[in-house]
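Spelled out, the chains give:
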Amino acid sequence: MNHAVTLDMYQSAGAGVLALLLGMYLTRKVPFLKRFCIPAPVSGGLLISLLTLLLCSVWGIECDFDPTVKDICMMLFFTSVGFQSDLKVLRRGGRPLLVMILLVAVLVAFQNLISVGIAAGLGMDPLFGMAAGSVPMCGGHGTAGGFSPLLEEMGLKGASSVTMAAATFGLVAGSLLGGPLSDILIKRHSLAEKSPSDDVIRGIEASEASPESRTKGKVSAEDSFREYLTGACILFAAMAIGSGVSKLLALTGIAFPTYFGSLLAACLMRNLMDLRPGLLGEPVTKKIISTGDLCLQLFLGMAMASLKLWELSSLALPLCLILSSQVAFMALFAAFVAFPLLGKDYDSAVLVSGLCGFGLGATPNAMANMSAVCFKYRYAVKPFVIVPIIGAMFVDIINTGVITLFLNLIR
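Residues numbered from 1 in each chain as written. Predicted model: local features only at pLDDT ≥ 70, side-chain atom pairs only at ≥ 80, totals over all residues. Heavy atoms only, no water.

As a further point, take helix α1 (residues 9-29). Think of an α-helix as 3.6 residues a turn; residues three or four steps apart then line up on the same face. With 21 residues, α1 extends 30 Å between its outermost C-alpha atoms, agreeing within 8% with the 30 Å of an ideal straight helix rising 1.5 Å per residue. Every buried residue of α1 is listed here: Ser 12, Ala 13, Ala 15, Gly 16, Ala 19, Leu 20, Gly 23 and Leu 26. Along the axis of α1, the buried residues cluster in a sector spanning 155°; they form a single face. Looking at α1, the residues exposed on the side facing more than 90 degrees away from the buried face are Tyr 10, Leu 18, Leu 21, Arg 28 and Lys 29. One side-chain oxygen of the residue at the start of α1 lies 3.1 Å from the amide nitrogen of Tyr 10, identifying that residue as Asp 8. (Helix = DSSP H or I, 4+ residues; strand = E, 2+ residues; numbered from the N terminus. Expected span 1.5 Å × (residues − 1). Buried < 20%, exposed > 50% of the residue type's maximum accessible area, 1.4 Å probe, protein only. Arc of directions from axis to C-beta. Polar contact = N/O pair within 3.5 Å; in protein donor to acceptor, adjacent residues only side chain to side chain.)

Written out as structure tokens, the structure reads:
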């Protein structure tokens, strides 16, 4: 009989910090992790979860982690995502941006149809299919951690372990698929010639750096502190408003993730503040985003460290079947649907590599995929404008909406 050991919220937070620091060390020492853009808390947290698996398997000790600090960090992160939703930047992307938004919506829907369909065909709970669908695929580790409590409340035991394992697989698969697929499309359609020198690197650096970003200025420590303080206060205000929004959404009888109200509140606050120039300000916005990124790292560290990998033993085969199907669909969708709709030109091929990156992993994977393609050929301006906008503004919002719809249809 197994013996449970419960860690309080301080010990659980400490385990998450340890996972983050360990992952940062591993990323510096192991080239594979840096090459495939594996987040530091994922690699470090996975090691800690393997340790807890050893404790359970050999000595029968099951570690339970308090989720309090983890949930607060999750809420702060998704609230910061809402503040990145600047509707004015839509004009910068043009038609390809609109096409990419539609492609993301279709991709998210089919990822859930595929996973739920396979789970149903195997006689399994459809919620298991959702845990291996767009929640970890387009959503990555952040959305996986955000929806896991809801999936567990709806009856899926070990939802966090399934979603996190699938998200980790997706990170690697998205990095392995995007660049090679784009390279095949470029060669097949003769869209570009291989760069004969390293000049393309300087081209990328010059094109990505705006005159404003090259201007060096001094910011005092006091000013920086005030900006962080203002950003933190705005974040907590949005969370407070979002809590009320979540309670109103609950009255509809529709199951929403806990963070959805805060995300909506932050999105509304950001765009209302932008109506009065100077009310929010770019420095404060950057501090809000930085705070959210910090909370994401801590959240992922705690989420990965608290995985109960022993719950995956009976699910390994169906999970592998669903995930391999997701990769196959992503490749077909990118090559035969996304590439033609985006215009079948060089920019389209680069965008395809980005789509594979955040379609199976996360926005950093998408950027890494596109950079790898451009290093080999030449720089493409539009993809590096469109993909960050999609990743910052639309993926999480579209994914959350589609997931919520599916969950309420199958429950």
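From this point, the discussion proceeds with the structure in view.
Next up on the list: the environment of Leu 248. Relative to the helices and strands, Leu 248 is located in helix α11 (residues 221-250). Exposure remark for Leu 248: the relative accessible area of 57% places this residue in the exposed category. Taking the C-alpha atoms as reference points, Leu 248 and Gly 261, 13 residues apart in sequence, are found 8.9 Å from one another.

Attention now goes to the pattern of salt bridges. The final tally for this structure, using the stated rule, is six salt bridges. The shortest N-O distance in the salt bridge between Glu 227 and Lys 287 comes to 2.9 Å. Separated by 60 residues along the polypeptide, Glu 227 in helix α11 and Lys 287 in helix α13 (residues 282-305) bring together distant segments of the chain. Judged on exposure class, the residue Glu 227 and its partner Lys 287 are both buried. (Salt bridge = Lys/Arg side-chain N within 4 Å of Asp/Glu carboxyl O.)

With that out of the way, let us pick up helix α14 (residues 316-342). In a regular helix each residue adds 1.5 Å, so 27 residues correspond to 39 Å; α14 covers 36 Å between its end C-alpha atoms and thus fits that length. In α14, a bend of some 40° at Ala 334 exceeds every other bend along the element. Just past α14, the residue Gly 343 takes up positive phi, approximately 120°. (Bend = angle between axes of the 7 residues up to and from the residue.)

Inspection of every chain in the model, using the stated rule, returns six aromatic pairs. Members of the aromatic cluster, connected to one another through ring pairs, are Phe 77, Phe 78, Phe 147 and Tyr 259. Against the face of Tyr 228 rests Lys 287, its NZ or CZ located 5.4 Å from the ring centre. In this structure, Arg 378 is placed above the aromatic ring of Tyr 346, and the distance from its NZ or CZ to the ring centre is 4.2 Å. (Phe/Tyr/Trp six-rings, centres within 6.5 Å; stacked < 30°, edge-to-face > 60°. Lys NZ or Arg CZ within 6 Å of the ring centre and 35° of its normal.)

Taken N-terminus to C-terminus, the directions of α11 and helix α12 (residues 260-273) make an angle of 125°; their axes are 7 Å apart at the nearest point. Judged by the angle between their axes, α11 and α12 are oblique. Note that α11 runs across α12; the crossing there is right-handed. Residues Ile 234, Ala 238, Met 239, Ile 241, Gly 242, Ser 243, Val 245, Ser 246 and Leu 249 of α11 form the contact with α12, whose own contacting residues are Phe 260, Gly 261, Ser 262, Leu 264, Ala 265, Ala 266, Met 269 and Met 273. Looking at side-chain class alone, the contact of α11 with α12 contains 12 nonpolar, five polar and no charged residues. (Axes fitted to C-alpha atoms, helices over the stretch in contact; angles between N-to-C directions. Parallel < 35°, antiparallel > 145°, perpendicular 65-115°, else oblique. Left-handed = near helix turned anticlockwise from the far one by under 90°. Contact = heavy atoms within 4.5 Å. Nonpolar A, V, L, I, M, F, W, Y, C, P; charged D, E, K, R; others polar.)

Within the fold, Asp 66 resides in the loop between β2 (61-65) and α4 (68-82). What makes Asp 66 partly exposed here is its relative accessible area of 27%. Sequence spacing of Asp 66 and Met 302 is 236 residues, and the spatial spacing of their C-alpha atoms is 9.5 Å. Once you skip the residues sitting within four places of it in the chain, Asp 66 turns out to touch Leu 7, Asp 8, Met 9 and Ser 12.

Running from N to C, helix α8 (residues 159-188) and α14 point in directions that differ by 35°, and their axes come no closer than 10 Å. With respect to the hand of their crossing, α8 and α14 are arranged in right-handed fashion. Residues Val 162, Ala 165, Ala 166, Phe 169, Ala 173, Leu 177, Leu 181 and Leu 185 of α8 form the contact with α14, whose own contacting residues are Leu 319, Leu 323, Val 327, Met 330, Ala 331, Ala 334, Ala 335 and Phe 339. When its residues are assigned to classes, the contact of α8 with α14 shows 16 nonpolar, no polar and no charged.

Another point: the side chain of Thr 404. Residue placement: Thr 404 occurs in helix α17 (residues 381-410). Filtering out sequence-adjacent residues up to four positions away, Thr 404 remains in contact with Phe 147, Ile 254, Ala 255, Phe 256 and Pro 257.

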